[in-house]
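# Report on the structure
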Amino acid sequence: MAPLSFDVLHPASVREARDMLQGDARLVAGGTALQLEWARGLPRPARLIDLGRIPGLKGITEDAGGLRIGALSPLARLADSARVAQHLPLLQAAARSVAGPAVRNLATLGGNIAGRTGCLLPALLALDAVLEMTGRDGHFREPLSDWLARPADPTEVLKAVHLPVPDAQSRWTQRKIGLRAAFTPSVIGIAGRLACRDGTIVSARLAVGGGLVVPCRLSAIERQLVGQEVAGVDWPALRTALIAAIDAPDDAFRSARYRRMVAANALVRGLQDAGGARAAERPPGRSAQADTPATPPEIRLSRSEQASRWHVRPDMDPKVSGMLSYLTDRREAGMLVGRILRAGRPHARILSIDTRAAEALPGVAVVVTHRDIGGENAFGIVVQDQPAFCFDRVRHAGDPVAAVAAVDAATAEAALALIRVDYEDLPIVTDPEEALSDTAPAIHAGGNLQRILHFSRGDVAAGFAAAAHVVERRYETSRQMHGFMETEGGFARVEPDGTLAVFVGGQHGARDRLQLARILGRAEDTIRVVTSPTGGAFGGKDELTVQPALALLAITSGRPVRLQLSRAESVAAGIKRHPMIIRMRTASDAAGRLIAQEVDLLADAGAYASLGPGVLETALEHVAGPYVIPHVSTRGRLAYTNNGVCGAFRGFGANQMTYAIECQMDALADLCGLTPVEIRRRNLRAKGSPGFLGQTVAPSERLTDMLEAAAASPLWDGRADDDGDGDGDDDGEEMIGTGMALNYQGNGLGSLVPDPAGGRLRLRADGRIEAAYGLDEMGQGLLASIQAAVSAELGCARDDILPVIGDTALAPDSGSTSASRGGHVVWRAARLAGPDFSARLTDAAAGLLGRPADGLKLAPGGIADRRSNSGRLLLRFCDLAEALAPDARPSVTVAFDFPKTDHTAGNARYIFAFGACIVRVAVSRVTGMVRVLDIHQHTAAGPVLDVAAYLGQMEGGAIQGLGFTLTEHARMADGAYLTANLDTYMLPGIRDTARRLSVFALEGLDDGDGLGPRGAGELGIGAITPAIANAVGRAIGHTPLSLPFCPEALLDAIGARP
Amino acid sequence: MSPVAFRLDGEALSIAVPAETRLSEILRDRCLRTATKVACGIGRCGACTVMMNGEAVNACLVMAWQIEGAEIVSPEGLDAFGTARIVKAALIAENAFQCGYCAPGIVMALTALFLSHRQAGEAEILSALEGNLCRCTGYHSILRGALAAANRLRDGAAGETGDPHDANPSSL
């Protein structure tokens, strides 16, 4: 909808503001809630009454009874005021828990109160806040608790809040329980205060509120406490009474029961412990680490420890300064703005689409629908089941139906609202199990079973019959969102020569071009696709996103068009990680040796297949992890539903399955009386033995090294926590545990999928050596890796190399930037093209220098004498380039296949990367929430091309895995996302990251191993989830089997302990 | 649609836009300053952080009517602050970012912190970055860079910043 403009009035006094409060008007202070409300569809008022210019509404002053805080005081002032800190530390602590710091610079105390859902309300209630208001009849004061108890009067204006200063001896507590550690919606907030005299409670304040919880004092319990001796309080009984007294609702995220329990826990623990304040925040993410040294030949990756190998990435300065232009940043004169109309309903037949009113709107250039598609209206990397624009049916709420290009965004949005689509709603199915039942509505003509895969080996029944121990569990993983910061978008135009140029962040330009050519019905060589740089992808930009709509808008309008999805649209339309239900039954003998395993996997594809079949297959290839299991039977099913589409995501199914098998290993270890290390030692695959599917695998296996590194980890006995801060000790609130998992991640697309790659080295006119790859810089450090690999191969400097990437017009096809394959492709192309390219350069230089070519070599900056190490150049690259005719400048293009195994009975990987992850966690007895204290990642992915890039992949992968495990869940109900934006979809923030994070690499390869670097892209995420789960299991005796971990279930498990 | 007058990176501007137009849109689409990124549009990611009257704010939450008379600093204008140059250099040396989309907002949040609190250390840095999401790095590289900047500022780079009292850049 186009935003309806409103008037803003600026009264000079509170009285004037009150008098303006008629009709469709609304008071506004900081205004920070407005965008959230409007995004939720709440109406915009016709008039906003800005309180910001009224004098006297800001500021914190002391008066007779305490502090007076002006209603327009920003929350940041409450958080940083020395007066508040001195007199009202409870309020200060509460203020610091509201939103984030930049929001607190805008948001005001008055706004937090007036909405009646603010996170400050419990604290203000506990502090006996009195409101100073102007109403119909003039000025008055009213206690906050009374004001909350009556309906809001829309003609009242809040001027200030009066807060008596409590007795310094009173004990207090405050806590906001949220969905993550900070900057979170409130699940429930509490504040409590006990004033004591000579050990007797003389007054008590207990309050709850925040978010959905109606803010109120727990007066009956307060009365019971008064007169009691504080030393004699029966805290367990108080907790029980609080749980009964607190009124809180359920929502999709947390139950009412959980809210009541954690509020009671927090009040009791806070008041029982508190001599004064409970520490409001703990510092995670400490960098002043108690460093764990590497055990050679492993190295520890850090700037200080690898100083000679630490290079600043070529794109770092432009990124930090903001000067890097992303494809969604393009603005040019005459450029139209595009918008896409989404179905907004999960399953329906399209009866008609009428775009006439939209086309007639002034400023609209074109409206496109399926009728404008010249080729096949179907795409998909594996199966072409997805329409570029829906024509007969919509299958999920994010399905595109039409698109508009107009002179500006507001006009384009207005035009969308004028497109009339008549639908006939169809029954929906959103549960994958139900989708496979006979009675479910068919989402595609072939039914809802998109794919079924079976594999078996040995005699599973006999294996289970011989078992001493069997662990049978059901694991459930969540619908994780990629959450790249730059949402899908870019621009497109038709060039003067008729070429269609599409600039949209992606992961494989050549394949995007192929898919676009099919849709548009035009030859691939008439299309140029530019896919880099892009602001994060993680698999989420592997499939086509907005390219078809942008291309059609540009072609139809004949003008350049830009388009970027809003976050809400990205959530609705973008792909996610497949939610999986994994039933795994694993048997061992009494000594812990694995005998048999049965696995049944069901994955929710959503409405279309995308890369789902590949994800399913990869998950099933990883069912045994790095272990040997003689008898195996697996089944995997991928079901269509009317949910959002799922597809590629870092890990590609392997990390979901690793969660299951690595938790099974710990469970069996317990049954067998073995340590987590020992059971893994007894089952580890032997070097050189066939892979899980029976395939030949690459040399340089490092599983034993990884396991022994894990065995030696200081995290098992807490030795790493020697910083003396006591954090991470079992202090009564938190229970500590350490867990591990091994990682065994296949690289490449597999033996059955064509996996061509290539690259090109070329001397440019300016003397730089162009290294051209059809790969994409999504943040992983491709540019640095190219410079590293090519300069190392040629013997020149990193700066001599100019990476040219992500553009079908400028770089050869290198295959997709996915499946941990990019690093190997970069290295291999350099390796293959390097010798020929060097020889051509030295030949050309030899002619100019009058020296024999075999006496020359490449050196940083140019050509040098082969025997010299002085660094003296005989000829600079730029002089060489200038001396050569354009067609005489060397250029070498290579093409090759990503290394594959010969297995053809199934899609099998050849190259694997290895890792061990050890994690130490703290589980709160108050909230059931998990804090990750330490992560140690031991990795073996061959030689590290670029230390900073590799470190970044491991650290970033770890915390993306942490989010998957603890907070992230794109919840859906009835085919709609409940987490519409980043206010409810909980990406980890800086307070959620592991407190300490150490990354180690074991680089060496076996003699004769010519495969070079393995993939680092997915290694970082692979083993995080099971390591955290196993650590929680060690901490509380209960291993969570569904993601993200449910704090309520963890609390129950803690409560059930003997 | 009435004109709103404000200062952007030291330059006086007057722009006619509807009152509800967000500052993030004004910067990106009207002023063509695209270093300010938008990743959520509801004040929950920090990618659009700018300084308004010396304080970090989410540009997507600030509407045109709220910037009348305000002093806005966008990422493009940060080099006027010596403090910002030190923050950037430290983050660059540490390779603090990956995709980089969150970087301008994080540089802005850190600059605002150090301008108001030159002695800020780890605890203050963590608090100051609570509102900035990064999906790529897991935050440790950013924290290492920020701590390096904090050490540099504490170790007497005060004289280097050229930001006396650091409330306003001397060059503006």
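All values reported here derive from a predicted model rather than from experimental measurement. (Residues numbered from 1 in each chain as written. Chains lettered and ligands numbered in written order. Predicted model: local features only at pLDDT ≥ 70, side-chain atom pairs only at ≥ 80, totals over all residues.)

## Overview of the overall build of chain B
Heads up, the rule is: Comment: elements are numbered from the N terminus, with helices defined as DSSP H or I runs of at least four residues and strands as E runs of at least two. Atoms considered for the radius of gyration are the C-alpha atoms alone. The globule rule reads 2.2 Å times the number of residues to the power 0.38. Burial in this document is a count-based property: other C-beta atoms within 10 Å of a residue's C-beta are tallied, and the residue is buried at 20 or more, exposed at 12 or fewer, or partly exposed in between, with C-beta positions derived from the backbone.
When you go through chain B residue by residue, the secondary structure sums to six helices and five strands. Radius of gyration (C-alpha) of chain B: 16 Å, near the 16 Å computed for a compact globule of 172 residues. With respect to the principal axes defined by its C-alpha atoms, chain B has extents near 50 × 35 × 25 Å. Considering chain B as a whole, with its 172 residues, one finds that 67% of them fall into the buried category.

## Thoughts on the overall build of chain A
Rules: We call two residues in contact when the distance between their C-beta atoms, placed using the backbone, is within 7 Å.
Across its full length, chain A holds 31 helices and 41 strands. Taking 1058 residues into account, the globule formula puts the C-alpha radius of gyration at 31 Å, and chain A, at 31 Å, falls close to it. By its C-alpha atoms, chain A is 95 × 75 × 70 Å across when sized along the principal axes. Buried positions account for 59% of the 1058 residues belonging to chain A. Taking all contacts inside chain A whose residues are at least 6 apart in sequence as the whole, residues at least 24 apart take part in 77%.

## Focus: the confidence of the model for chain B
Residues and elements named next belong to chain B. Formally: Predictor confidence is given residue by residue as pLDDT, running from a minimum of 0 to a maximum of 100.
Of the residues in chain B, 91% have a pLDDT of 70 or more, and the chain-wide mean is 93. Confidence drops under a pLDDT of 50 for residues 165–172, and excluding neighbours within four residues, the segment shows 13 contacts in the predicted structure. Both scores are given for the predicted complex: the pTM is 0.97, the ipTM 0.97.

## A short note on the pairing of strand β26 (residues 580–588) of chain A
Residue and element names in this part refer to chain A. Selection criterion: For two strands to count as paired, DSSP must find a minimum of two bridges between them.
Here strand β21 (residues 469–476) runs beside β26; their pairing, made up of eight bridges, is antiparallel. Along β26, the bridge assignment pairs R473 with M584. Sheet topology note: the β26/strand β27 (residues 594–606) ladder contains nine bridges and is antiparallel. Bridge assignment links T586 to a residue of β27, and that residue is Q597. Between β26 and the antiparallel strand that follows it, β27, lie five residues; G592 among them carries a positive phi value of about 90 degrees.

## A short note on the domain arrangement of chain B
All names here are of chain B. Our working definition: Per the annotation, domain bounds derive from an automatic or database assignment of domains.
For chain B, the domain assignment lists domain 1 (2–74) and domain 2 (81–161). One C-alpha centre belongs to domain 1, the other to domain 2; they are set 22 Å apart. Facing 14 residues of domain 1, the contacting portion of domain 2 comprises eleven residues. At the level of elements, β3 (49–52) and β4 (55–58) are the ones that each hand at least two residues to the side of domain 1 that touches domain 2. Ranked by residues supplied to the side of domain 1 that touches domain 2, first place goes to β3 with three residues.

## Description of the domain arrangement of chain A
The domains assigned to chain A are domain 1 (118–126 + 166–281), domain 2 (327–426 + 488–564), domain 3 (580–750 + 906–1055) and domain 4 (756–897). Centre-to-centre separation of domain 1 of chain A and domain 2 of chain A, based on C-alpha positions: 52 Å.

## Quick notes on the interface of chain A and chain B
The condition is simple: All residues other than Ala, Val, Leu, Ile, Met, Phe, Trp, Tyr, Cys, Pro, Asp, Glu, Lys and Arg, Gly among them, are scored as polar; the first ten of these are nonpolar and the last four charged.
Opposite the 65 residues of chain A that make contact, chain B presents 64 residues. Of all the secondary structure elements, the ones that give two or more residues to the side of chain A that touches chain B are α2 (34–39), α6 (101–104), α13 (316–321) and α28 (947–966) of chain A. For the side of chain A that touches chain B, the element with the most residues is α28(A), which contributes six residues. Of the residues contributing to the side of chain A that touches chain B, the split by class is 28 nonpolar, 23 polar and 14 charged.

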